[in-house]
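# Structural description and commentary
Chain by chain, the residues:
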Amino acid sequence: MRRWLTALLLMLTAAGAYAAAEQIAWETTRFGTLRIIRDVPTRPFGTLRYQGKTLFRAPDQYLSFDSIAELPGRDAALVFVGDGGSGGGGRYLLVLLDNRKKARVLQDPRLVSLTRPPQLTVVGQTLHIDLGLSQGLKRTATLKGNTLSFDYATAKQARVDSADCDWLHQEAGNVCAPQAGRDCSKVVGDRPQYVERAINRLGNYPGFERQTLDVLCVNRCNGNDWPSLSEFHRQVCGLPSL
């Protein structure tokens, strides 16, 4: 009887542990399935598991799968680690899996992409990761063996996307508009976070003039005219006038 009760308690404990490990996403590779779970129901989905083992845990952040590249004899999975906010920043993990069912997690503070999702390209046994732009420089990560290296090159031809500039023209014009009792000296610092995140992202492109945008924002708050879309393209985004 005692052994039966012990077995029942163990079963109930295992069932409770399984329920607590709530799964949100999985990614199938040639060498098994990666899973994103949360260990505690009230915490974010911040645990990455493979073959029943925890590879990475970020209790206060959210994980999501980005992309997978197939290399000879192994797969490389890019996993995003973010705060979960709309348009929030974050970083990436590179998870390497092979036919021995072994996993390696590569982390580097430079493995971030500020302007767009990373683009993965395989050439032979080498993985190239296009990390977009940072302060006018084109950034590329290269994986050879188990080592990541980073290269920076001038990107003079890169420009803000026209649709992004159109969006910013409308949103900034709205949030900088005059309001009764508003202190226009603080209007730039009071812009919503989603607008600031977009400005920070676009600020990595050559030709984008954040200081001009800030001046226009204060002028708009003080009742001056907001520039036309064509002028905004030229003055702020570094694009040809429409």
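Below is a summary of the structure that appears in this document.

About the criteria used
Residues numbered from 1 in each chain as written. Predicted model: local features only at pLDDT ≥ 70, side-chain atom pairs only at ≥ 80, totals over all residues. Heavy atoms only, no water. Disulfide = S-S within 2.5 Å. Helix = DSSP H or I, 4+ residues; strand = E, 2+ residues; numbered from the N terminus. Buried < 20%, exposed > 50% of the residue type's maximum accessible area, 1.4 Å probe, protein only. Pairing = 2+ DSSP bridges. Core = buried A, V, L, I, M, F, W, Y, C linked by side-chain atoms within 4.5 Å. Contact = heavy atoms within 4.5 Å. Salt bridge = Lys/Arg side-chain N within 4 Å of Asp/Glu carboxyl O. Axes fitted to C-alpha atoms, helices over the stretch in contact; angles between N-to-C directions. Phe/Tyr/Trp six-rings, centres within 6.5 Å; stacked < 30°, edge-to-face > 60°. Parallel < 35°, antiparallel > 145°, perpendicular 65-115°, else oblique. Left-handed = near helix turned anticlockwise from the far one by under 90°. Nonpolar A, V, L, I, M, F, W, Y, C, P; charged D, E, K, R; others polar.

Inspection of the entire model under this criterion finds three disulfides. There is a disulfide in this structure between C165 and C237, and the S-S distance comes to 2.1 Å. The sign of the 95 degrees torsion about the S-S bond sets the C165-C237 disulfide as right-handed. Taken together, the positions of C165 in helix α2 (residues 162–175) and C237 in the segment after α5 (229–235) put the pair 72 residues apart, joining distant regions of the chain. The buried category is assigned to C165, whose relative accessible area is 0%. Between the sulfur of C184 and that of C221 lies a disulfide, 2.1 Å long from S to S. Every disulfide takes its handedness from the sign of the S-S torsion; for C184 and C221 that torsion is -80 degrees, giving left-handed.

Another point: the pairing of strand β4 (residues 53–57). Relative to β4, strand β3 (residues 47–50) runs antiparallel, the two being bridged by four bridges. From the neighbouring strand, Y50 faces β4, where its bridge partner is K53. Connecting β3 to the next strand, β4, in antiparallel fashion are two residues, including Q51 with a positive phi near 55 degrees.

What follows concerns the nonpolar core. The biggest cluster of nonpolar side chains holds 25 residues, and the ones touching the most others in it are V160, L168, F208, L213, F232, V236 and C237. Among the secondary structure elements, those contributing two or more residues to this core are α2, α3 (193–202) and α4 (210–221). The residues touching L213, leaving out its near neighbours within four places in the chain, are L168, A172, R191, I199, F208, W226, F232 and V236.

Here the focus is the pattern of salt bridges. The tally for this structure, following the rule as stated, stands at ten salt bridges. The salt bridge involving R30 is made with D75; its shortest N-O contact spans 2.6 Å. You can see R30 sitting in the loop between β1 (22–29) and β2 (32–38) and its partner D75 sitting in strand β6 (residues 74–82), a full 45 residues away along the chain. Taking relative accessible area as the criterion, R30 reaches 41% and is therefore assigned partly exposed. The salt bridge involving R234 is made with E231; its shortest N-O contact spans 2.5 Å. Of this pair, R234 and E231 both sit in helix α5, three residues apart, which is roughly one turn of that helix. One salt-bridge network, held together by shared partners, links R191, E196, R210 and D214.

Moving on, we get to the sheet that holds strand β12 (residues 147–154). Pairing is antiparallel across the open sheet formed by four strands, whose spatial order is β9-β10-β11-β12. Strands at the two margins of the open sheet, each flanked by one partner only, are β9 (119–123) and β12. For this sheet the average axis-to-axis angle between neighbouring strands, irrespective of direction, equals 25 degrees.

Before going further, it helps to examine the packing of aromatic side chains. In the structure shown here, the tally under the stated rule is three aromatic pairs. Measuring from ring centre to ring centre gives 5.7 Å for W226 and F232, while their planes differ by 40 degrees; the resulting arrangement is tilted. The class of W226 is buried, set by a relative accessible area of 17%. The class of F232 is buried, set by a relative accessible area of 0%.

Interhelical geometry of α2 versus α3 gives an angle of 140 degrees and a closest axis separation of 11 Å. Considered as vectors, α2 and α3 are oriented oblique to each other. Of the two elements, α2 crosses α3, and the hand of that crossing is left-handed. Taken together, the residues of α3 that come into contact with α2 (itself represented by D164, W167, L168, E171 and V175) are Y194, V195, A198, I199, R201 and L202. Its residues assigned to classes, the contact of α2 with α3 comprises eight nonpolar, no polar and three charged.

All quantities given are derived from atomic positions and should not be read as evidence of function.
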